[in-house]
Amino acid sequence: DVKVTQSSRYLVKRTGEKVFLECVQDMDHENMFWYRQDPGLGLRLIYFSYDVKMKEKGDIPEGYSVSREKKERFSLILESASTNQTSMYLCASSYIRGSPLHFGNGTRLTVT
Amino acid sequence: EDQVTQSPEALRLQEGESSSLNCSYTVSGLRGLFWYRQDPGKGPEFLFTLYSAGEEKEKERLKATLTKKESFLHITAPKPEDSATYLCAVQAGSGNKLVFGAGTILRVKS
């Protein structure tokens, strides 16, 4: 089974802090994604990557950046955390374009 | 703009009471429609992919169908363990992105 591991289940950060969310997948998948999930809004795509050192903006990239230095690892960076970035963050990977996504269990981030 | 709408937002069923969840979509060039199940505190878990109108997929008490405008997730004789949030997502055009609906929260009472 594919395993997507997110480094933290819960994080509490202060406004203005730089925040790193880490994600690792163990199945040599090409594609990796970062979503945020908010009640009533569903999952919204922040960034995705289809190869090492490649990244593409999703629908809501403002205030975020990403890093993919190795195929198995995809990091989401909040350059200066704000309270409106309080959310559940979900990382996912997929084998090729069009194949199903495999999700991690999420990081619930609270920015105070 | 691609849009996915799920209904109802929440559904309460008695054990054994069959029903359907709806996912309607407006996209240009559907490449695939995906159903996921999400339990509290966990990430979504893949259930089905449907690619063309008329296609059907089944897994235990769940059956997914697809038309040109919508998909249904039929739940036959549900059990309490089927309680979860069910998410629908579409992939359209030449891109690599999925657009998700807001989900349907299903509660099955014994």
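All of the points below concern the structure found in this document. Here the structure is a predicted model, which means the values were calculated and not measured.

Regarding the sheet that holds strand E7 (residues 62-66) of chain B
All names here are of chain B.
Line of reasoning, step 1. Spatially, 5 strands are ordered E1-E3-E8-E7-E6 in an open sheet, and the strand pairing comes out antiparallel. Looking at strand neighbours, the two that pair on one side only are strand E1 (3-7) and strand E6 (56-59), the edges of this open sheet. Along the sheet, successive strands turn relative to each other by an average axial angle of 15°, direction set aside.
Line of reasoning, step 2. Alignment of strand E3 (residues 19-26) against strand E8 (residues 70-75), held across 6 bridges, turns out to be antiparallel. The residue of E8 that forms the bridge with Asn-22 is Phe-72.

Brief notes about the sheet that holds strand E8 (residues 73-78) of chain A
Residue and element names in this part refer to chain A.
Line of reasoning, step 1. Strand order in the open sheet made by the 4 strands is E1-E3-E8-E7, with antiparallel pairing throughout. Two strands in the sheet have a free side with no partner beyond their single neighbour: strand E1 (4-6) and strand E7 (64-70). Averaged over all pairs of adjacent strands, the angle between their axes in this sheet comes to 20°, without regard to strand direction.
Line of reasoning, step 2. In the sheet, strand E3 (residues 19-25) pairs with E8 via 6 bridges, with the strands oriented antiparallel. Counted as the bridge partner of Cys-23 is Phe-74 from E8.

Side note on the state of the cysteines
Line of reasoning, step 1. All told, the structure shown has 2 disulfides over all chains when counted by the stated rule.
Line of reasoning, step 2. The residue that forms a disulfide with Cys23(A) is Cys91(A), at a sulfur-sulfur distance of 1.9 Å. Judged by the torsion about the S-S bond (-75°), the Cys23(A)/Cys91(A) disulfide is left-handed. Here Cys91(A) lies in strand E9 (residues 87-94) and Cys23(A) lies in strand E3, a separation of 68 residues in the sequence.
Line of reasoning, step 3. For Cys91(A), a relative accessible area of 0% corresponds to the buried category.
Line of reasoning, step 4. What pairs with Cys23(B) in a disulfide is Cys88(B), and their sulfur atoms sit 1.9 Å apart. Measuring handedness by torsion sign, the sulfur bridge of Cys23(B) and Cys88(B) sits at about -60° and is left-handed. You can see Cys23(B) sitting in strand E3 and its partner Cys88(B) sitting in strand E9 (residues 84-92), a full 65 residues away along the chain.
Line of reasoning, step 5. Residue Cys88(B) is classed as buried on the basis of its relative accessible area, which comes to 0%.

Cut-offs and rules
- Residues numbered from 1 in each chain as written.
- Chains lettered and ligands numbered in written order.
- Predicted model: local features only at pLDDT ≥ 70, side-chain atom pairs only at ≥ 80, totals over all residues.
- Heavy atoms only, no water.
- Pairing = 2+ DSSP bridges.
- Helix = DSSP H or I, 4+ residues; strand = E, 2+ residues; numbered from the N terminus.
- Axes fitted to C-alpha atoms, helices over the stretch in contact; angles between N-to-C directions.
- Disulfide = S-S within 2.5 Å.
- Buried < 20%, exposed > 50% of the residue type's maximum accessible area, 1.4 Å probe, protein only.

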